Amino acid sequence: MISEKMQEALNEQVNKEFYSAYMYLAMSAYCDTIGLPGFSSWMRLQFEEESLHVTKMFDYILDQGGQIHLKPIEEPPKAYGTPLEVFETTLEHEQYVTRLIHKLMGLAVEEQDYATQTFLQWYITEQVEEESNVNNVVAPLRMVGDDKGGLMMIDQQLAQRLPPLPIAPK
Ligand code: OFO
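Residues numbered from 1 in each chain as written. Predicted model: local features only at pLDDT ≥ 70, side-chain atom pairs only at ≥ 80, totals over all residues. Heavy atoms only, no water.

Honestly, the environment of tyrosine 123 in this entry has me stumped. Any pointers?
The residue tyrosine 123 is located in helix H4 (residues 114-144) in this model. The exposure class of tyrosine 123 is buried, given its relative accessible area of 1%. Linking tyrosine 123 and leucine 107, residues 16 residues apart in sequence, is a C-alpha distance of 15 Å. Ignoring any residue separated from it by four or fewer positions in sequence, one finds tyrosine 123 in contact with Glu17, His53, Lys56, Met57 and Ile101. (Helix = DSSP H or I, 4+ residues; strand = E, 2+ residues; numbered from the N terminus. Buried < 20%, exposed > 50% of the residue type's maximum accessible area, 1.4 Å probe, protein only. Contact = heavy atoms within 4.5 Å.)

Below is the structure:
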């Protein structure tokens, strides 16, 4: 059982995770149009990962006897600037999501909702990984600057990203 306040906060986070998925799909299209297929494929897999974050939280709300409240998803931008800017935006976004998850945990602590605290621990760990993965792309992008050869190499590396593993069943 979860409180109504927690249920609403989790539904709000489901919407934010949907937005993340939507934004990465838009970034995937953008990277494809600027001739970076490896970047595009990385973003497409990030979209898939965010979709898993959505369904994990969706299932938790239902498992707790809560109600799902799906809200409109904000429209993401169409263009994202240079390849470095694409990943800087990604980093800022993931840092924002980390803050949202921490806020949710704060609410779970305040409400002495131990089940939700345990559940959210997975997202807290996941956000550390999300930020680290993006930082690992931002750093080489800053290093290569405008060098086209360097950019092509990074594009090839990003193309190697593997699809996300399915999230373990509850
Ligand atoms: Fe769902 O972690 Fe990114 O946004």
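Please explain the pattern of salt bridges as it appears in this structure.
Should the charged atoms of two oppositely charged side chains come close, the side chains can pair. Under the defined criterion, the tally for this structure stands at six salt bridges. The partner of lysine 5 in a salt bridge is glutamate 110, and the shortest N-O contact between them spans 3.9 Å. Highlighted residues: lysine 5 in helix H1 (residues 4-33) and glutamate 110 in helix H3 (residues 83-110), separated in sequence by 105 residues. Linking glutamate 49 and arginine 161 is a salt bridge whose minimum nitrogen-to-oxygen distance equals 3.0 Å. Here the residue glutamate 49 occupies a position in helix H2 (residues 37-63), and arginine 161 occupies one in the segment after helix H5 (148-158), the gap between them amounting to 112 residues. On the basis of relative accessible area, arginine 161 is assigned to the buried category, the value being 18%. (Salt bridge = Lys/Arg side-chain N within 4 Å of Asp/Glu carboxyl O.)

Would you mind showing me how to read unusual backbone geometry here?
A negative phi angle characterises most non-glycine residues, just as the trans form characterises most peptide bonds. Of note in this structure, glutamine 112 is not a glycine but carries a positive phi near 55°. Relative to the elements of secondary structure, glutamine 112 occurs in the loop between H3 and H4.

Even after reading the chapter, I still don't get the packing of aromatic side chains, so can you show me in this structure?
For any two aromatic rings, the description comes down to two numbers: the centre-to-centre distance and the angle of the planes. For the structure on display, the rule yields six aromatic pairs. With a centroid separation of 4.0 Å and 5° between ring planes, the pair formed by tyrosine 60 and phenylalanine 119 is classed as stacked. Residue tyrosine 60 is found in helix H2, and its partner phenylalanine 119 is found in helix H4; the two are separated by 59 residues along the sequence. Among the aromatic side chains, those forming a connected cluster through ring pairs are Tyr60, Phe119, Trp122 and Tyr123. (Phe/Tyr/Trp six-rings, centres within 6.5 Å; stacked < 30°, edge-to-face > 60°.)

Could you clarify how one ought to interpret the packing of H2 against H3 in this entry?
When two helices pack together, their arrangement is given by the angle between the helix axes and by the axis-to-axis distance. Direction vectors running N to C along H2 and H3 enclose 10°, while the axes themselves pass 13 Å from each other. Here H2 is positioned roughly parallel relative to H3, judged by the angle of their axes. Contacts between H2 and H3 pair Phe39, Trp42, Met43, Gln46, Glu50 and Met57 from the former with Pro83, Val86, Phe87, Thr90, Glu94 and Leu104 from the latter. (Axes fitted to C-alpha atoms, helices over the stretch in contact; angles between N-to-C directions. Parallel < 35°, antiparallel > 145°, perpendicular 65-115°, else oblique.)

Help me understand the nonpolar core, please; the structure alone is not making it clear to me.
Where a protein is soluble and globular, its nonpolar side chains tend to be buried together. Within the largest apolar cluster, 22 residues are counted, with the highest numbers of intra-cluster contacts made by Phe39, Val86 and Phe87. When contributions to this core are tallied by element, the ones reaching two or more residues are H1, H2, H3, H4 and H5. Examining the composition of this core, we find that seven residues originate from one element, H1, more than from any other. Look past the residues within four positions of phenylalanine 39 in its chain and what remains in contact with it is Cys31, Pro83, Phe87, Leu141, Leu151, Ile154, Asp155 and Leu158. Core analysis: the next-biggest nonpolar cluster, separate from the first, contains 18 residues, Met6, Ile61, Val97 and Leu107 among them. (Core = buried A, V, L, I, M, F, W, Y, C linked by side-chain atoms within 4.5 Å.)

What's the story with H3 in this structure? I'm lost.
It helps to recall that an α-helix has 3.6 residues per turn; residues three or four apart then point in one direction. Over its 28 residues, H3 extends 41 Å from the first C-alpha to the last, a length consistent with the 40 Å expected when each residue adds 1.5 Å. Trailing H3 by a residue or two, glutamine 112 shows a phi angle of about 55°, which is positive. (Expected span 1.5 Å × (residues − 1).)

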